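Observations on chain architecture
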Amino acid sequence: MSPDKASTRSASRVFAREFHRTLPKAMRGEGIWIVDSEGRRYLDASGGPAVSCLGHSHPKVIEAVQRQAALLPFAYSLFFSSEPLEELAALLVEAAPAGMDKVFFVCGGSEATEAALKLARQYHLEKGQPQRRHFISRRQSYHGNTLGALAVGDNPARRATYAPMLMEVRHIATCYPYREKRSDETEAAYGRRAADELDRAIRELGPENVAAFIAEPVVGATLGACPPVPGYFKRIREICDRHGVLLILDEVMCGMGRCGTLYACEAEDVVPDILTMAKGLGAGYQPIGGVMAHRRVVEAIESGSGALMHGHTYLNHTVGCAAALAVQRAIQEEDLLANVRRQGERLKQGLEERLGNHRHVGDVRGRGLFLGIELVQDRASKRPFDPDLKLHARLRDAGMSEGIVCYPSGGCVDGRRGDHVVLAPPFTVTDREVEEIVERMGRTIDRALRSLPAGQAG
Ligand code: PLP
């Protein structure tokens, strides 16, 4: 090792995600706030990556976790069911779009994606169509970091290292009206044009070979909280039905109330065959994800092999389910989805007022408390900043300096160019906190732009 490298080595024994950054040590949570070991307070306006939908100190969830841990932390899913598991499944299915029938729980979003892909494959085997093996997804999408999930996603930065290990997946255009709707096109015409790419891809692969299409109803990390145009997913559903292809909706980030309805697909008036959830499901109090299946998928297995050909040690984890149950009950009892819709409107309006005329803000978008801000070098042409400037990383650091946690990423334009920030505050956010987010976010953007080399931002 060179002396230079040795001198910058951290004493920490943690295998860090980024070796050359020193992170503040988070000590405790107070509602929307995280407090570090130096006593600095960070307004958590994104819940990490859209996780902490109840803030960091909800007493009922903490109590439920403690109670279940004391009673029975873990009962293995091949040997036992449990009360929190049964109640959580019943609550979620009861609130789901008609036809959604059963759900099982994993430990996070990537596991949910893997399980959904495998479930789709198993469905076709049960139905006597073993040749259905291809998956189709969309460009600029993210479905997780395990190999199957990485393969269906289209996040070049995360895929590049592992490309030779990934299964082949066909990617079609996403639905990104800010950049891809032509000015001479209505939203409906654009939605149809974008969705029809799926029809073409299925025909090219041979409909009899395609297992499923996977998409996020509102695209999170890769596009910056980008909702589809009305009618897009209805068209997608029709195309899937026409070809016997399953529709998997990945609601890991946008679901569980984040967009103002418990399931994001409610707003599209579309029912998937398989739906995945995570993040807000357990709100960060426990790591938990879920896979919900439509009755037709469940029945194929029930009347076929009779067993799910998938499982992990921590499937249906007892404390995980107890935490998620308490989270979902709090959302219902405190009528928090109404607050998501109300504060979502206020936050969007506040951001539009503060940033709408900003010469480097191209678009403010999103739904409910899932909002995105896309930054551009030039508003008229929508030209993004040079990706080598890493504006998104500057935004993250500027946010930390301004005492706000936001979730910036790069690559929304084509996987490499484009910078955006996602905001996803807790469903409990108050009027005052919304104003504070707008103010701090404005300062964060200005600070990040000031840090660019001379001549890059005006
Ligand atoms: N799917 C979507 C839409 C996501 O946004 C993410 C994570 O950001 C995942 C799947 C993967 O979830 P996890 O990081 O919990 O494995």
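Just above sits the structure.
Residues numbered from 1 in each chain as written. Predicted model: local features only at pLDDT ≥ 70, side-chain atom pairs only at ≥ 80, totals over all residues. Heavy atoms only, no water.

Section: helix 3 (residues 59-71)
When the terminal C-alpha atoms of helix 3 are compared, their 18 Å separation across 13 residues agrees well with the 18 Å that a helix rising 1.5 Å per residue should span. The complete set of buried residues in helix 3 reads Val 61, Ala 64, Val 65 and Gln 68. Taken around the axis of helix 3, the buried residues stretch over an arc of 95°, which confines them to a single face. Helix 3 presents Pro 59, Gln 66 and Ala 70 as exposed residues on the side facing more than 90 degrees away from its buried surface. In the core, the buried residues of helix 3 are packed alongside helix 4 (83-95) and helix 12 (318-333). (Helix = DSSP H or I, 4+ residues; strand = E, 2+ residues; numbered from the N terminus. Expected span 1.5 Å × (residues − 1). Buried < 20%, exposed > 50% of the residue type's maximum accessible area, 1.4 Å probe, protein only. Arc of directions from axis to C-beta. Contact = heavy atoms within 4.5 Å.)

Remarks on the layout of surface pockets
To find the voids left in a structure, one rolls a probe of water-molecule size over its atoms. Within this model, the second largest pocket holds a volume of roughly 790 Å³. The wall of the second largest pocket is formed by 26 residues, among which Lys 102, Val 103, Phe 104, Leu 308 and Asn 316 lie closest to the centre. Those elements that provide at least two residues to the lining of the second largest pocket are helix 4, strand 4 (100-106), strand 10 (289-294) and helix 11 (295-302). A breakdown of the residues in the lining of the second largest pocket according to their chemical character gives 16 nonpolar, six polar and four charged. (1 Å grid on protein atoms, 1.4 Å probe; cavity = no way out; pocket = protein on both sides within 12 Å on 5 of 7 lines; lining within 4 Å. Points joined across faces, edges and corners; volume = space filled by probe spheres on them. Nonpolar A, V, L, I, M, F, W, Y, C, P; charged D, E, K, R; others polar.)

So, the sheet that holds strand 2 (residues 33-36)
Strands sit in the order 1-2-3-13 across an open sheet of four strands; the sheet is mixed. The open sheet has two edge strands, strand 1 (26-30) and strand 13 (404-405), and neither has a second partner. Both strand 1 and strand 2 contribute to a ladder of four bridges, which runs antiparallel. Looking at the pairing, Ala 26 lines up with Asp 36 of strand 2. (Pairing = 2+ DSSP bridges.)

Thoughts on the pairing of strand 8 (residues 246-250)
With five of five residues buried, strand 8 lies mostly within the body of the structure. Here strand 8 shows two buried faces, one formed by Leu 246, Ile 248 and Asp 250 and the other by Leu 247 and Leu 249. Strand direction decides the pairing type here: strand 7 (residues 210-215) and strand 8, joined by four bridges, are parallel. Within the sheet, the bridge partner assigned to Ala 215 lies in strand 8 and is Leu 249. At this point the chain moves from strand 7, through helix 10 (residues 232-243), to the parallel strand 8, and the crossover so formed is right-handed. (Right-handed = clockwise from strand over helix to strand, strands pointing away.)

Some remarks on the site of the ligand
Surveying the vicinity of the ligand reveals the residues Gly 108, Gly 109, Ser 110, Tyr 142, His 143, Gly 144, Glu 216, Asp 250, Val 252, Met 253 and Lys 279. Side-chain polar atom of Ser 110 to an oxygen atom of the ligand: 2.5 Å apart, as the coordinates give it. Between an oxygen atom of the ligand and a side-chain N or O atom of Lys 279, the distance comes to 2.8 Å. A class-by-class count of the residues in the shell around the ligand yields three nonpolar, five polar and three charged. (Near = heavy atom within 4 Å. Polar contact = N/O pair within 3.5 Å; in protein donor to acceptor, adjacent residues only side chain to side chain.)

Notes on empty space enclosed by the protein
Under the definition given, this model contains two cavities of 30 Å³ or more. Gln 140, Asp 154, Asn 155, Pro 156, Thr 222, Gly 410, Gly 411 and Gly 415 are the residues that line the largest cavity. Class assignment of the residues belonging to the lining of the largest cavity gives a composition of one nonpolar, six polar and one charged. By volume, the second largest cavity amounts to about 30 Å³. Around the second largest cavity sit Ala 75, Ser 77, Phe 80, Ser 81, Ser 82, Leu 85, Leu 315, Asn 316 and Thr 318, which together line it. Among the residues forming the lining of the second largest cavity, the class breakdown is four nonpolar, five polar and no charged.

Thoughts on helix 4
Between the first and last C-alpha of helix 4 there are 18 Å, a value that for 13 residues agrees with the 18 Å anticipated at 1.5 Å per step. All buried positions along helix 4 are accounted for by Pro 84, Leu 85, Leu 88, Ala 89, Leu 91 and Leu 92. For helix 4, the angular spread of buried residues about the axis comes to 165°, placing them on one side. Exposed side of helix 4, more than 90 degrees from the buried face: Glu 83 and Glu 94 are the residues found there.

Quick word on the packing of aromatic side chains
Within this structure, the stated rule accounts for five aromatic pairs. Arranged with centres 5.6 Å apart and planes meeting at 85°, the rings of Phe 74 and Tyr 314 form a pair that is edge-to-face. Of this pair, Phe 74 sits in the loop between helix 3 and helix 4 while Tyr 314 sits in the loop between helix 11 and helix 12; the two residues are 240 residues apart in sequence, bridging distant segments of the chain. Within the aromatic cluster, the residues linked to one another by ring pairs are Phe 74, Tyr 76, Phe 79 and Tyr 314. A cation over a ring is seen here: Arg 41 above Trp 33, with NZ or CZ 5.0 Å from the ring centre. For the cation-ring pair, Lys 382 lies above Tyr 178, with the distance from its terminal atom to the ring centre recorded as 4.3 Å. (Phe/Tyr/Trp six-rings, centres within 6.5 Å; stacked < 30°, edge-to-face > 60°. Lys NZ or Arg CZ within 6 Å of the ring centre and 35° of its normal.)

Quick look at the side chain of His 171
With respect to the element layout, His 171 can be found in strand 6 (residues 170-172). Taking relative accessible area as the criterion, His 171 reaches 18% and is therefore assigned buried. Separated by 3.0 Å, the side chain of His 171 and the backbone oxygen of Gly 153 make a polar contact. Those residues in contact with His 171 that lie beyond four places of it in its chain are Ser 137, Arg 138, Arg 139, Ala 151, Val 152, Gly 153, Asp 154 and Arg 159.

Concerning the environment of Asp 388
Examined against the element boundaries, Asp 388 turns out to sit in the loop between strand 12 (370-375) and helix 14 (391-401). In sequence terms Asp 388 and Asp 44 are 344 residues apart; their C-alpha atoms lie 27 Å from each other.

Section: the packing of helix 9 (residues 187-205) against helix 10
Closest axis-to-axis distance for the helix 9/helix 10 pair is 8 Å, and the angle between their directions is 20°. On the basis of the axis angle, helix 9 is roughly parallel to helix 10. The crossing of helix 9 and helix 10 is right-handed. Contacts from Gly 191, Arg 192, Ala 194, Ala 195, Asp 196, Leu 198, Asp 199, Ile 202 and Arg 203 in helix 9 reach Tyr 232, Arg 235, Ile 236, Ile 239, Cys 240, Arg 242 and His 243 in helix 10. Considered class by class, the residues forming the contact of helix 9 with helix 10 number eight nonpolar, two polar and six charged. (Axes fitted to C-alpha atoms, helices over the stretch in contact; angles between N-to-C directions. Parallel < 35°, antiparallel > 145°, perpendicular 65-115°, else oblique. Left-handed = near helix turned anticlockwise from the far one by under 90°.)

Read these as geometric descriptors, not functional statements.
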